[in-house]
Amino acid sequence: MGICGGNKINHKNRFTYDGGYDGTTMTTSIVLFGPPGAGKGTQASKISEMTGKPQISTGDMLRIAVSEASDLGAKAQSYMESGILVPDELIIELISNRLKQEDAINGVLFDGFPRTLNQAIALSSIVDISSVISIEVPDEEIIKRIVGRRMDPITKEIYHISFKPAPDEIQGRLIQRKDDNVETVMNRLKTYHQQTSPLSSWYDDQNLLIPIDGNKSIEEVATDISKFLSN
Ligand code: ADP
Ligand code: ADP
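Reading guide: rules and limits
Note that residues are indexed from 1 along each chain, following the sequence as it is written. Naming scheme: in the order in which they are written, chains are lettered from A and ligands are numbered from 1. Selection of residues for local features in this predicted model requires a pLDDT of at least 70, selection of side-chain atom pairs for listing and counting requires 80 or more, and totals for whole chains, interfaces and linings are taken over all residues. Each nonpolar core reported here comprises buried Ala, Val, Leu, Ile, Met, Phe, Trp, Tyr and Cys residues connected via C-beta atoms within 7 Å. Three exposure classes are used, all based on how many other C-beta atoms lie within 10 Å of a residue's own C-beta (placed from the backbone): buried at 20 or more, exposed at 12 or fewer, and partly exposed between those limits. By the convention adopted here, residues are in contact when the distance between their C-beta atoms, placed from the backbone, does not exceed 7 Å. Secondary structure elements follow DSSP: runs of H or I no shorter than four residues count as helices, runs of E no shorter than two count as strands, and numbering proceeds from the N terminus. At least two DSSP bridges between two strands are needed for those strands to be called paired. Each residue receives a C-beta atom built from its backbone; the residue is near a molecule or strand if that atom lies within 6 Å of it. Three residue categories are used. Nonpolar comprises Ala, Val, Leu, Ile, Met, Phe, Trp, Tyr, Cys and Pro, charged comprises Asp, Glu, Lys and Arg, and polar comprises the others, including Gly. Note on definitions: angles span 0 to 180 degrees between N-to-C directions of axes, and those axes are lines fitted to C-alpha atoms, for helices only across the stretch in contact.

Novice: For this particular structure, what's the right way to read the nonpolar core?
Specialist: When a protein is soluble and globular, its nonpolar side chains tend to lie buried together. Grouped together as the largest cluster of nonpolar side chains are 39 residues, with contacts concentrated most on Val31, Leu32, Leu109, Phe110, Val132 and Ile133. With near-sequence residues (within four places) excluded, Leu32 lies in contact with Lys40, Gln43, Ala44, Ile47, Leu109, Phe110, Asp111 and Ile133.

Novice: Sorry, what's going on with the pairing of strand β1 (residues 28-33) here?
Specialist: Each regular strand displays side chains that alternate between the two surfaces of the sheet. Most of β1 sits inside the fold, with 6 of its 6 residues counted as buried. Taking every second residue as pointing to the same face, both faces of β1 are buried, with Thr28, Ile30 and Leu32 on one and Ser29, Val31 and Phe33 on the other. Pairing geometry for β1 and strand β4 (residues 128-136), over 6 bridges, is parallel. If you follow Phe33 over to β4, its bridge partner there is Ser134. As defined by bridge partners, β1 adjoins strand β3 (residues 109-111) across 3 bridges and the pair is classed as parallel. Along β3, the bridge assignment pairs Ile30 with Leu109.

Novice: It is not clear to me how the site of ligand 1 should be interpreted in this structure. Could you clarify?
Specialist: Near ligand 1 you find 21 residues, and of these Gly39, Gly41, Thr42, Arg149 and His160 are the closest. Elements supplying a minimum of two residues to the shell around ligand 1: α2 (40-51), β6 (158-160) and α10 (218-230). Across the shell around ligand 1, the residue classes tally to 7 nonpolar, 9 polar and 5 charged.

Novice: Even after reading the chapter, I still don't get the pairing of β4, so can you show me in this structure?
Specialist: When you tally the buried positions in β4, you get 7 out of 9 residues, the bulk of the element. As defined by bridge partners, β4 adjoins strand β7 (residues 209-213) across 5 bridges and the pair is classed as parallel. Bridging from a neighbouring strand, Ser134 pairs with Pro211 of β7.

Novice: Hey, could you run me through the sheet that holds β7 in this one?
Specialist: As a general point, the strands of a sheet are linked pairwise by backbone hydrogen bonds and lie either parallel or antiparallel. Taking strand neighbours across the sheet as the criterion, the 5 strands line up as β2-β3-β1-β4-β7 in an open arrangement whose pairing is parallel. On the outer flanks of this sheet lie β2 (55-57) and β7, each paired with one strand and no other. Averaged over all pairs of adjacent strands, the angle between their axes in this sheet comes to 20°, without regard to strand direction. Relative to β3, β2 runs parallel, the two sharing 3 bridges. Bridge pairing links Ser57 to Asp111 in β3. Packed onto the sheet, helix α9 (residues 198-205) meets β1, β4 and β7 and runs at close to 130° relative to β7.

None of the figures reported here should be taken as evidence of function without further support.
As structure tokens, this is what we get:
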């Protein structure tokens, strides 16, 4: 398997071998994994701050491509609106190009990628993964989180109508994603269970999976992740 280079010591060994997990290892990347609406984007900026690794969100990159009406955007839009995955070859090309940018040299934080076994295999041949932080949240909670999600188009901050209300003065400018409706969420969850969740055992077999209980408050989840990163 192509998990390459200095990643041969697995997590279980790392904890005892050198007395702590080196969460900021310069050349390795981290994967933030979990169902749609699990809280990956919410936690990503804190993880980026702690590790210095830039966040790469395929969802955000695809939404920019759609808004710019680029070739990629035109190809991706109908998949995104129906809640099914954009074809692997488009995603792998998008990621390969992004990783050529200078800020990716010391490893990155992947958010929402990989989502299929083909994507994971392609990724393992181009970067070292140090850990896969898997935010676990039950489906009933996911639906509540997604239909209540709102975004500030100026700061890009993610809010929730009940769980993380935005300040009054910016309420008027908040936007709701087109795919954040009950019908599309059901498709996204089905897609997740069929095509993406099998990756967790694939990564677990490589001792890379770090399960995090995501069914807690935003602050508690952040604390659990930071304990792992600084342990
Ligand atoms: P993802 O990037 O995994 O799709 P987001 O980070 O966008 O998920 O979170 C989805 C929604 O759930 C947002 O409205 C966010 O404010 C809210 N949220 C995130 N984490 C939690 C949490 N631990 N408890 C309650 N709501 C949360
Ligand atoms: P969420 O985390 O709420 O599911 P994302 O912003 O990650 O939303 O993704 C939105 C949509 O973009 C997905 O439903 C899918 O159509 C597409 N997408 C994002 N990342 C990938 C990926 N790695 N592979 C295939 N499709 C993707």
